[in-house]
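Summary of structural features
As a plain string of letters, each chain reads:
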Protein chains: 2
Amino acid sequence: MTSTNSNQIKYLGQEEAINIDKELFNEYGFSVDQLMELAGLSCAQAIYSFYPKGKVLVIVGPGNNGGDGIVAARHLQLFGFSPEILYPKPSKSDLMERLVKQTTLMNIPYLKSLPTNLDEFSLIVDAMFGFSFKPPIRDPFNDIIKTLQSHQKTLPVFSIDIPSGWHVEDGPPAASSSNDTPSIQPDSLISLTAPKLCAKHFQGRAHFLGGRFVPELLAKKYSLNLPEYPESNGFLRLQ
Amino acid sequence: MTSTNSNQIKYLGQEEAINIDKELFNEYGFSVDQLMELAGLSCAQAIYSFYPKGKVLVIVGPGNNGGDGIVAARHLQLFGFSPEILYPKPSKSDLMERLVKQTTLMNIPYLKSLPTNLDEFSLIVDAMFGFSFKPPIRDPFNDIIKTLQSHQKTLPVFSIDIPSGWHVEDGPPAASSSNDTPSIQPDSLISLTAPKLCAKHFQGRAHFLGGRFVPELLAKKYSLNLPEYPESNGFLRLQ
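If you're wondering where the values come from, they're calculated on a predicted model, not measured in any experiment.

After a rotation of 180 degrees and a shift along the axis of 0.0 Å, chain B superposes on chain A with an RMSD of 0.0 Å. The relationship between the two copies is best expressed as a two-fold rotation axis.

Residues and elements named next belong to chain B. Contact geometry of helix H2 (residues 32–50) with helix H4 (residues 94–105) gives a least axis separation of 11 Å together with a crossing angle of 45 degrees. Overall, the two elements H2 and H4 adopt an arrangement that is oblique. Regarding H2 and H4, the two cross each other, and that crossing is right-handed. Seen from H2, the contacting residues are Val32, Asp33 and Met36; seen from H4, they are Leu95, Arg98 and Leu99.

What follows concerns the pairing of strand E1 (residues 55–60) of chain A. Moving residue by residue along a regular strand, the side chains alternate between the two faces of the sheet. All names here are of chain A. The element E1 is extensively covered by neighbouring structure, given that 5 of its 6 residues are classed as buried. Pairing geometry for E1 and strand E2 (residues 82–86), over 5 bridges, is parallel. Directly across from Lys55, in E2, lies its bridge partner Ser82. The parallel pair E1 and E2 is bridged by helix H3 (residues 64–78), and the resulting crossover is right-handed. Inspection of the sheet shows E1 paired to strand E4 (residues 123–127) by 5 bridges, in the parallel sense. Residue pairing in the sheet places Val60 in a bridge with Ala127 of E4.

On to the sheet that holds strand E6 (residues 188–192) of chain B, then. Residue and element names in this part refer to chain B. What the 8 strands build is an open sheet, ordered E3-E2-E1-E4-E5-E6-E7-E8; its pairing is mixed. Pairing within the sheet leaves two strands with one partner each, and these edge strands are strand E3 (110–111) and strand E8 (235–237). Strands in contact with helix H3 (residues 64–78) are strand E1 (55–60), strand E2 (82–86), E3, strand E4 (123–127), strand E5 (157–160) and E6; relative to E1, the strand with the most contacts, it is inclined by about 160 degrees.

The next thing to look at is the nonpolar core. Nonpolar side chains tend to gather and get buried jointly when the protein is soluble and globular. Judged by nonpolar contacts, the single largest core of 128 residues is most densely connected at Phe158(A), Leu224(A), Phe158(B) and Leu224(B). Apart from the residues lying within four places of it in its own chain, the contact partners of Leu224(B) are Ile9(B), Lys10(B), Leu12(B), Ile20(B), Ala194(B), Val214(B) and Ala219(B).

On average, residues of chain A carry a pLDDT of 94, and 95% of them reach 70 or more. Scoring of the predicted complex yields 0.95 for pTM and 0.95 for ipTM.

On the chain A side, the residues contacting the 31 residues of chain B number 31 residues. Carbon and sulfur atoms make up 60% of the area that chain B and chain A hide from each other, which totals about 2800 Å². If you look at where chain B meets chain A, you find 0 salt bridges. Our count for the chain B to chain A interface comes out at 14 residue pairs in polar contact (both at pLDDT 80 or more). For the side of chain B that touches chain A, the secondary-structure elements that each account for two or more residues are H2, H3 and H4 of chain B. Considered class by class, the residues forming the side of chain B that touches chain A number 14 nonpolar, 9 polar and 8 charged.

A separate point is the sheet that holds strand E6 (residues 188–192) of chain A. Residues and elements named next belong to chain A. In spatial order, the strands read E3-E2-E1-E4-E5-E6-E7-E8; together these 8 strands make up an open sheet with mixed pairing. The open sheet terminates on both sides in strands that have one partner only, identified here as strand E3 (110–111) and strand E8 (235–237). Inspection of the sheet shows strand E7 (residues 206–210) paired to E8 by 3 bridges, in the antiparallel sense. The residue of E8 that forms the bridge with Phe208 is Arg237. Most of the contacts of H3 go to E1, to which it runs at about 160 degrees, and overall it touches E1, E2, E3, E4, strand E5 (157–160) and E6.

What counts and how
- Starting from 1, residues in each chain are numbered consecutively following that chain's sequence as written.
- To read the labels, note that chains go from A and ligands from 1, taken in the order they are written.
- Confidence filtering applies because this is a predicted model: local features only for residues at pLDDT of at least 70, side-chain atom pairs given and counted only at 80 or more, and all residues used for totals across whole chains, interfaces and linings.
- Here the side-chain values reflect all heavy atoms present in the structure, with hydrogen atoms and water set aside.
- The atoms used to superpose the copies are C-alpha atoms, taken from residues with pLDDT of at least 70 in both, and the fit is least squares.
- Axis definition: a line fitted to C-alpha atoms, over the contacting stretch in the case of helices. Angles run 0 to 180 degrees between N-to-C directions.
- Put simply, DSSP marks the helices as runs of H or I at least four residues long and the strands as runs of E at least two long, and each gets a number from the N terminus on.
- Angular relationships are summarised with four words: roughly parallel below 35 degrees, roughly antiparallel beyond 145, roughly perpendicular across 65 to 115, and oblique for the angles in between.
- Crossing handedness: left-handed means the near helix sits turned counterclockwise from the far one by under a right angle, and right-handed means the same turn made clockwise.
- Residues are treated as being in contact if the distance between any of their heavy atoms lies within 4.5 Å.
- Categorising residues by exposure relies on relative accessible area from a 1.4 Å probe, with only protein chains included: less than 20% of the type maximum marks a residue as buried, more than 50% marks it as exposed, and the intermediate range marks it as partly exposed.
- Pairing between two strands is assigned when DSSP locates at least 2 bridges connecting them.
- Handedness of a crossover: with both strands directed away from the viewer, a clockwise path from the first strand across the helix to the second marks it as right-handed.
- We call a set of buried Ala, Val, Leu, Ile, Met, Phe, Trp, Tyr and Cys residues a nonpolar core when their side-chain atoms join them within 4.5 Å.
- Each residue gets a pLDDT score, which is the predictor's confidence in that residue and runs from 0 to 100.
- In short, buried area is how much 1.4 Å probe accessible area vanishes from two parts on joining, totalled over both.
- Should a side-chain nitrogen of Lys or Arg be within 4 Å of a carboxyl oxygen of Asp or Glu, the pair is scored as a salt bridge.
- Whenever two N or O atoms come within 3.5 Å, that pair is a polar contact, provided that in protein one can donate a hydrogen and the other can accept it, and provided that, for residues adjacent in sequence, both atoms are side-chain atoms.
- Residue polarity is assigned by list, with Asp, Glu, Lys and Arg as charged and Ala, Val, Leu, Ile, Met, Phe, Trp, Tyr, Cys and Pro as nonpolar; anything else, Gly included, falls into the polar class.

Rendered as structure tokens:
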């Protein structure tokens with residue numbers, strides 16, 4: 001496999017994505033700490049490759065997608081960006097609390113709510129919901145996504161794994177659905193491990209793949225048909 | 001700071017290195033899983049940048065330096081190298097056992113002893129002892145280092161953090177010491193977090209710095225005067 005043609009790569013359904021994740025932890029003995037560090041790092045590196053340095057708002061959900069976002073924020077700061085974090089529903093998990101501690105002590109500001117001066121940011125990192133998400137979106141994320149939607153022509157969104165508000169398999173809410181189901185069309189998307197089915201509906205500028213840690217046997221078992229990552233990079237561009 | 005002149009960077013004594021490590025875990029809330037993943041990845045990336053792909057023997061000690069080595073082996077395999085691991089004194093720590101599980105399931109061979117066909121390998125990764133090491137070296141590491149010493153003109157050694165057998169501050173055993181204290185002069189060295197004092201005695205071809213995770217406040221507190229890492233890279237070359 002040498003091509004990075006995204007037509008060849010497999011797009012995962014939700015159950016398959018959940019099973020691969022479980023297998024990485026239960027069979028292969030990876031810890032969430034390990035894989036989240038690699039996933040979040042690949043997000044930060046993809047952002048570095050595509051966006052100029054600036055003020056970045058990382059919006060963090062309560063689960064592992066949010067954890068990827070906090071790890072990305074930490075690396076972005078080391079890369080010279082100025083990340084700030086909005087984390088409205090803090091989790092009590094030990095890992096999430098440690099991620100908050102690390103970033104707080106690195107002087108990354110935690111905001112209490114979506115700032116009114118949103119245009120001061122050059123990029124939004126959407127780390128709200130990942131591949132375990134099932135609708136409906138609850139507040140305050142519903143309101144946050146509505147606001148991002150109304151700014152998305154001027155303020156690009158980089159989504160981690162799943163554009164928040166999208167169905168993991170079906171993609172954005174149907175045009176016919178009510179206004180109560182907001183969603184965004186991100187400027188860029190990074191799929192972690194392998195793309196999920198919803199990524200077929202992605203219409204932004206750049207689609208990345210990150211999370212270079214999938215053992216070959218696991219990739220074969222699920223016929224992931226992953227493209228080859230270039231050199232020693234932790235991410236690649238699918239489209 | 002834009003220079004990577006290694007004269008400006010601080011070389012740490014053993015106690016200071018231990019204190020910085022403790023502070024990363026106890027004050028900043030990092031887990032060993034997180035930092036070992038970043039450290040081992042930076043080792044693999046430095047190796048990728050400097051050596052052609054080939055068969056690599058990673059010699060692993062029982063502590064965290066060994067863990068960095070196993071993580072590096074895992075990433076080297078993903079980068080297209082063919083790593084094999086010699087791990088003569090397995091630790092019972094949960095993390096080390098999981099690292100072995102991950103690499104075993106990725107079909108990285110574990111050797112029972114130093115192979116007689118050592119010249120089939122193109123590189124040795126020395127992950128035996130790190131900055132907590134205090135002499136004497138015990139068997140089987142004593143014998144292993146002696147053998148590496150006798151091959152070092154043809155078989156390059158990449159040492160992680162401390163060239164094994166060296167005193168963390170004073171460097172290689174004095175020429176006047178007996179033959180019972182073997183040591184190697186590695187072809188390349190990667191210092192993690194910051195170089196230790198022994199690195200001043202390094203006479204190989206390339207000295208790398210890795211472990212790009214030190215919070216700015218911590219770097220200031222210990223006056224590490226770290227050079228700027230290039231772009232979004234996890235390592236840089238000091239010399």
